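Descriptive analysis of the structure
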Amino acid sequence: MLASRQIFNACQRRAFSASARQASKVTVLGGAGGIGQPLSLLMKLNPRVTELALYDIKGGPGVAADIGHINTKSVVTGYQPDADGLKKALTGAEIVLVPAGVPRKPGMTRDDLFNTNASIVRDLAKACADACPDANILVISNPVNSTVPICAEIFKSKGIYNPKRLFGVTTLDVVRASRFISQHKGTDPADENITVIGGHSGATIVPLLSQSGYSLSGKDLDDFVYRVQFGGDEVVKAKDGAGSATLSMAMAGARFAESLLKAAQGQKGVVEPTFVDSPLYKDQGIDFFSSKVELGPNGVEKIHEVGKITPEEQKLLDACLVDLKKNIAKGVEFVKQNP
Ligand SMILES: NC(=O)c1ccc[n+]([C@@H]2O[C@H](COP(=O)([O-])OP(=O)(O)OC[C@H]3O[C@@H](n4cnc5c(N)ncnc54)[C@H](O)[C@@H]3O)[C@@H](O)[C@H]2O)c1
Ligand SMILES: O=C(O)C[C@H](O)C(=O)O
């Protein structure tokens, strides 16, 4: 027992000294929520994080006190709106994770969250622009297809927009696609890496099975695509009014944050699909798109082309672009009308 604890501690120390070459403050906005709590827990377990700040309109300090007892090196602080809490949480942050906002209930689309979440994200983006203009902003709050453009418009209006440091987190779609294909094929999900492009809602989620060497067809393909596109609804329905995916999302958000930290600390070849300001479909008036993105110390290092896809995948992509254009325009228009 003692020996295994010593081995665990030694591994932790080695991981810490190998990776924590610089101070990395991570802030979670909405840190006391369904996603915020397990996401903060996972960031506390990440040896690359040296400081973890949790902000929420309620409950931030309590969750921070709890997580702060975990015996990893990072310092944890918790904030609420009083006493300049938001500014203190954000100052010095390298990564800001944003799962603040309301989740869906059965029967709702992600776009139905727009009226509530648009102003929450807008106000948090303003605070980020003022307190940590150079941070990487990782937007989880839905509808991601619109909340990311909202952040971009706010950053532009504040004169600090850096398209290389604004990310819509679509990692959960990739996680689901890998899990679902492994269930279908009886493979180890750890060996699966399915690229998912487009955006993060229904028809805008486009899995590219063919690029992983799979050639499902007919009902098998339709069922797989449907499950990836509507995996979120599966969870919303099962939770029956108690919210949407939180634990799988926390894992996905922590994976993306870890990828950014690795890249910031010098690891090469770190690639994740993510929803970013992208050149790929700008000629069609679509300024944001999720495709494979290589990450680096400056955030976005290289945006990959979509690559070779099948006629079925092209049909999905065509449908995706129609919806995506509207979702992005809605976010941009919101900031014009409600600056
Ligand atoms: N990108 C994705 O793949 C993905 C996956 C799952 C959920 N989501 C979205 O994430 C969001 C959060 O989901 P959840 O299940 O954690 O919801 P939740 O209601 O459990 O938690 C949200 C938290 O945000 C806090 N909050 C609200 N307004 C705030 C503000 N102005 N500043 C700081 N904190 C604020 C709330 O107090 C709450 O603690 C939802 O919009 C949901 O749709 C996205
Ligand atoms: O489905 C939702 O509303 C939450 C999230 O976007 C998900 O994909 O699980």
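A quick note: this is a predicted structure, and the numbers were derived from the prediction, not measured.

**Details of the site of ligand 2**
Near ligand 2, the surroundings consist of R104, R110, N142, L172, R176, H200, G232, S244 and A245. Take R110: an N or O atom from its side chain is 2.8 Å from an oxygen atom of ligand 2. With respect to ligand 2, the side chain of H200 contributes an N or O atom lying 2.6 Å from an oxygen atom. Within the complex, 96% of the 260 Å² of free accessible area of ligand 2 lies under protein.

**Some details on the UniProt feature "domain: Lactate/malate dehydrogenase N-terminal" (unreviewed entry) in the protein chain**
When the UniProt feature table is mapped onto this chain, "domain: Lactate/malate dehydrogenase N-terminal" (unreviewed entry) is found at residues 25-168. In residues 25-168, the share of helix is 38% and the share of strand is 18%. The end C-alpha atoms are 19 Å apart.

**Things to note about the UniProt feature "binding site: substrate" (unreviewed entry) in the protein chain**
Annotation from UniProt places "binding site: substrate" (unreviewed entry) at R104, R110, N142 and R176. Ignoring anything within four residues of it in the chain, the contact list for R104 reads T109, R110, L113, G232, D233, V236, G243 and S244. A distance of 2.9 Å separates a polar atom in the side chain of R104 from the backbone oxygen of M108. Structurally, the position occupied by R110 is in the loop between strand 4 (95-98) and helix 5 (114-131). Looking at R110, the relative accessible area reads 7%, which means it is buried. The residues touching R110, leaving out its near neighbours within four places in the chain, are R104, N142, P143, H200, S201, G202 and G232.

**Description of helix 3 (residues 60-67)**
Among the residues making up helix 3, those that are buried are G60, V63, A64 and I67. Along helix 3, the residues classed as buried sweep out an arc of 100° about the axis, all on the same side. The elements touched by buried residues of helix 3 are helix 2 (36-44), strand 2 (51-55) and strand 3 (75-79).

**Details of the packing of helix 7 (residues 171-185) against helix 10 (residues 247-264)**
Running from amino to carboxyl end, helix 7 crosses helix 10 at an angle of 110°, the nearest separation of the two axes being 8 Å. Comparing their axes, helix 10 and helix 7 come out roughly perpendicular. When the axes of helix 7 and helix 10 are compared, the crossing they make is right-handed. Facing T171, L172, V174 and V175 of helix 7, the residues of helix 10 in contact are S248, M249, M251, A252, R255 and F256. For the contact of helix 7 with helix 10, a count of residues per class yields seven nonpolar, two polar and one charged.

**Side note on the site of ligand 1**
Neighbouring ligand 1 are 29 residues; G34, I35, D56, V102 and N142 lie closest to it. Within the backbone of I35, a nitrogen or oxygen atom sits 2.9 Å from an oxygen atom of ligand 1. Between an oxygen atom of ligand 1 and a side-chain N or O atom of D56, the distance comes to 2.6 Å. Isolated, ligand 1 exposes 860 Å² of accessible area, and the fraction of that covered by the protein chains is 87%.

**Thoughts on the pairing of strand 10 (residues 288-296)**
Along strand 10, seven of the nine residues are buried, which leaves the element largely enclosed by surrounding structure. In this structure, strand 9 (residues 270-277) lies alongside strand 10, joined through eight bridges in antiparallel fashion. Pairing of F275 across the sheet is with S290, part of strand 10. Remark: two residues form the turn of the hairpin made by strand 10 and strand 11 (residues 299-303), two consecutive strands paired antiparallel.

**Overview of the nonpolar core**
With 50 residues, the main nonpolar core has L29, L90, V96, I137, F155, L166 and F289 as its most contacted residues. Among the elements that take part in this core, helix 5 stands out by supplying nine residues, more than any other. Listed in part, the 36 residues of the second largest apolar core include V28, V49, M249 and A263.

**Let's talk about the pairing of strand 7 (residues 195-198)**
Alternating positions in strand 7 separate into two faces, T195 and I197 on one and V196 and G198 on the other, with burial throughout. Of the pairings in the sheet, the one linking strand 7 to strand 8 (residues 205-208) comprises four bridges and is antiparallel in character. When the bridges of strand 8 are listed, I197 appears paired with V206. In sequence, strand 7 turns back onto strand 8 through a hairpin of six residues, with G202 there showing a positive phi of about 35°.

**Side note on the environment of E305**
Summarising the element assignment, E305 is placed in the loop between strand 11 and helix 11 (311-337). It is 10.0 Å that separates the C-alpha atoms of E305 and S278, two residues lying 27 residues apart in sequence.

About the criteria used
Residues numbered from 1 in each chain as written. Chains lettered and ligands numbered in written order. Predicted model: local features only at pLDDT ≥ 70, side-chain atom pairs only at ≥ 80, totals over all residues. Heavy atoms only, no water. Near = heavy atom within 4 Å. Polar contact = N/O pair within 3.5 Å; in protein donor to acceptor, adjacent residues only side chain to side chain. Areas by Shrake-Rupley, 256 points an atom, 1.4 Å probe, with all protein chains shown as cover. UniProt positions renumbered as here; feature names shortened; annotations may be inferred. Helix = DSSP H or I, 4+ residues; strand = E, 2+ residues; numbered from the N terminus. Contact = heavy atoms within 4.5 Å. Buried < 20%, exposed > 50% of the residue type's maximum accessible area, 1.4 Å probe, protein only. Arc of directions from axis to C-beta. Axes fitted to C-alpha atoms, helices over the stretch in contact; angles between N-to-C directions. Parallel < 35°, antiparallel > 145°, perpendicular 65-115°, else oblique. Left-handed = near helix turned anticlockwise from the far one by under 90°. Nonpolar A, V, L, I, M, F, W, Y, C, P; charged D, E, K, R; others polar. Pairing = 2+ DSSP bridges. Core = buried A, V, L, I, M, F, W, Y, C linked by side-chain atoms within 4.5 Å.

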